[in-house]
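Analysis of the macromolecular model
Listed below are the residues making up each chain.
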Amino acid sequence: MKNLLLLLITLACANSLRAQLYVTPNTTTSTDSYIYVNDQLLFVEQDVNLVQNTNDPNTRASIYLRNDSQLIQGATASSNSGTGLLSVQQNTPDDDSWDYTYWCSPIGNPTLSGGTPGNKNFGILSYYNPTGPTAATQANHTFGHNGFISPFTISNRWIYTHTTPGTEAASNYTLVRQNYNIPPGFGFTMKGLGTTNHDQNYDFRGRPNNGSFVIPVDNLMMTLSGNPYPSALDLAQVFTDNASLASIWYWDEDRTIDSHTYIANRGGYGTWVPAGGPGGTYTTATFQQWNSSGSSSGSYGSGATYERRYAPIGQGFMLIGNTNGNVTINNSQRVFVKEGLANNSQFRNNDGNSTPSETEDERWPQIRFVSVFNDGHTRENVLLFSENSTDGYDQGQDGFHPMDATAETYFTFKTDLGVDERKLVIETVPFEIDKHIPVAFKLNQQTKIDLRAIEIVKLPNIKVYLYDILNNRYQEIKEESENAEVIPASILLPAGTYENRFYITFKEYKPNNDDDDIPVISRNNAASQKNVEFFQNNPAKQLEVSNPDTYDIKSLNIFDMGGKLVYSASNVGNSTKLSFPTGNLSDAVYVVRLTTIDDQTIVYKINVVNK
């Protein structure tokens, strides 16, 4: 008879179990000992020491976490040890041999490095196929393209890591196969089993991970990591603890396509940041056809919406840095949150018929847009509004854009040096009724773009416009309605990049002066527009600025209508009259951006004629 251990403490209907934990077989009776945790939190303040069971093949593990049970260890981050195994399961809906899942193992192989204490590498042979409450069979592996449901066989040709910050290019991934070469704390890619979509259950068996994991990141680069624990991970706390972290990207793909050919499959990255409400904000992936260089050969459709704040057991994702540094994942970020939509914790599917726990009252004011391009693919963007944000970059509030589609919509933001090269798919700014928020487009061919608002939250009685400063045209962006057809804001543009031309704004500005010179934007404060005047003096081949209130001007930049910087002056000063040469510019319309020392910004359109 097995020896079922519930810990060397009194349980008495406890919701959590607390102790330093040691589990070993009973050598006197030659029986196995194990803890079976059902729908509970098992909390251990210090280390876990497990000795492997060897008597009954159906009870090899020392701890079984079942029915949303989780193991959390204390802040002391003691090293776990022993030869024994923890068993914890994760299911993958729509699993098949054609499609990737991004994983991060909660356990490692306890026999590596001579069985010394601490976290250990993972390999796919630590996957098991559950055959009963405690029984399981170890995974087989094959170099063939397809894995099999029976016998339980994983294709090792799709097991890759991405441990050094880099791009999506194939050269940045490392093939691991069945070897135990996946470092703890790092994620890996794997395709599923069988050739039809089904819900597959995977059993991780090994030494439970514990303590801190240091993951390198870099500006706009990707590192494949994930939740390294047999418990949920609070990603909002991960952001709070790590200033180098800019965004988390989740792989999603079209699971109706059955092909291993690289160019045939379609997938992309959704973006998550903690801002916007209790569950954070997620934008859906746009599906691409990828080539080996990591760029898109075509864009098609989009992925699903998920709740992402609490990463479930086994979930892998890309960490995106805003600088060269590290992201540290540690025990203080672990939480007992059951997987499910209602708990802001989804692995992939919608986890039943529950609804998100947060209400509209808990969400920040926001506008969720969708751009529909003429080839049929879409891009989702979100504008959040908070008085605790700035018009520049705000860590945890602004989400970096994957920029992986053949046509894109994105937000730009301002730094002391002008427009930053980094693009945003989620942007948070303070709300002002006079604000003009730059929205940009990058197109590989002539493209018709329809822009709609999917939802507008906590912004009552306002209109939202797409403003084109080149044509001085406003188009209202209306919220989608189930009761009536909504005409989208629509533009047709040749191939190219369009920055500093289009803006999201909230009221129409109708100038009284000639159309050649239209003051269009004060992104931070509109007060100075009344007193600073611009005049394009084409006979003198110069731009003249009147500054009667002697604003101290930090910079003046001139951009062409594609967003290219063609002239820049810094530390301009506070003279009442200023002039800037335009004789070397081609005849065209340009955008002038003037910024004062206290970050008031005026943008003006000029028409240069030098003939």
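Whatever comes next refers back to the structure up there.
One structure accompanies this document, and this report is about it. What you see is a predicted model, and the numbers here were worked out from it, not measured in a lab.

**A few points about the sheet that holds strand E28 (residues 310-311)**
Each strand in a sheet pairs with another by means of backbone hydrogen bonds, the pair being arranged parallel or else antiparallel. Strand order across the open sheet formed by three strands is E28-E22-E31, with antiparallel pairing between neighbours. Only two strands of the sheet have a single neighbouring strand rather than two, namely E28 and strand E31 (334-335).

**What to know about the pairing of strand E21 (residues 222-226)**
In terms of burial, E21 is a largely internal element, five of the five residues being buried. Burial along E21 is two-sided: Met-222, Leu-224 and Gly-226 and Thr-223 and Ser-225, pointing in opposite directions, are all buried. As defined by bridge partners, E21 adjoins strand E29 (residues 316-321) across five bridges and the pair is classed as antiparallel. The residue of E29 that forms the bridge with Ser-225 is Phe-317.

**With respect to the nonpolar core**
The tendency in soluble globular proteins is for nonpolar side chains to be buried as a group. By size, the foremost hydrophobic cluster in this structure holds 40 residues, and its most contacted members are Met-318, Phe-369, Leu-466, Ile-477 and Ile-504. In terms of residue count, the dominant contributor to this core is strand E39 (residues 436-443) (four residues). In contact with Ile-504, not counting residues within four places along its chain, are Phe-369, Leu-383, Lys-435, His-436, Ile-437, Val-439, Leu-451, Val-464, Tyr-465, Leu-466 and Ile-477. Counting residues in hydrophobic clusters, the runner-up holds 31 residues, among them Val-48, Ile-124, Met-190 and Tyr-202.

**Observations regarding unusual backbone geometry**
For residues besides glycine, phi is generally negative; the peptide bonds are generally trans as well. Cis peptide bonds are those with omega within 30 degrees of zero, and the linkage from Ser-150 to Pro-151 qualifies with -5°. Positionally, Pro-151 belongs in the loop between strand E14 (140-142) and strand E15 (153-155). Positive phi is not limited to glycine here, since Leu-220 has a value of about 65°. Looking at the element boundaries, Leu-220 is found in the loop between strand E20 (213-217) and E21. One non-glycine residue with positive phi stands out, namely Met-403, at about 50°. Checked against the element boundaries, Met-403 lands in the loop between strand E34 (399-400) and strand E35 (407-411).

So, how was this worked out
- Residues numbered from 1 in each chain as written.
- Predicted model: local features only at pLDDT ≥ 70, side-chain atom pairs only at ≥ 80, totals over all residues.
- Heavy atoms only, no water.
- Pairing = 2+ DSSP bridges.
- Helix = DSSP H or I, 4+ residues; strand = E, 2+ residues; numbered from the N terminus.
- Buried < 20%, exposed > 50% of the residue type's maximum accessible area, 1.4 Å probe, protein only.
- Core = buried A, V, L, I, M, F, W, Y, C linked by side-chain atoms within 4.5 Å.
- Contact = heavy atoms within 4.5 Å.

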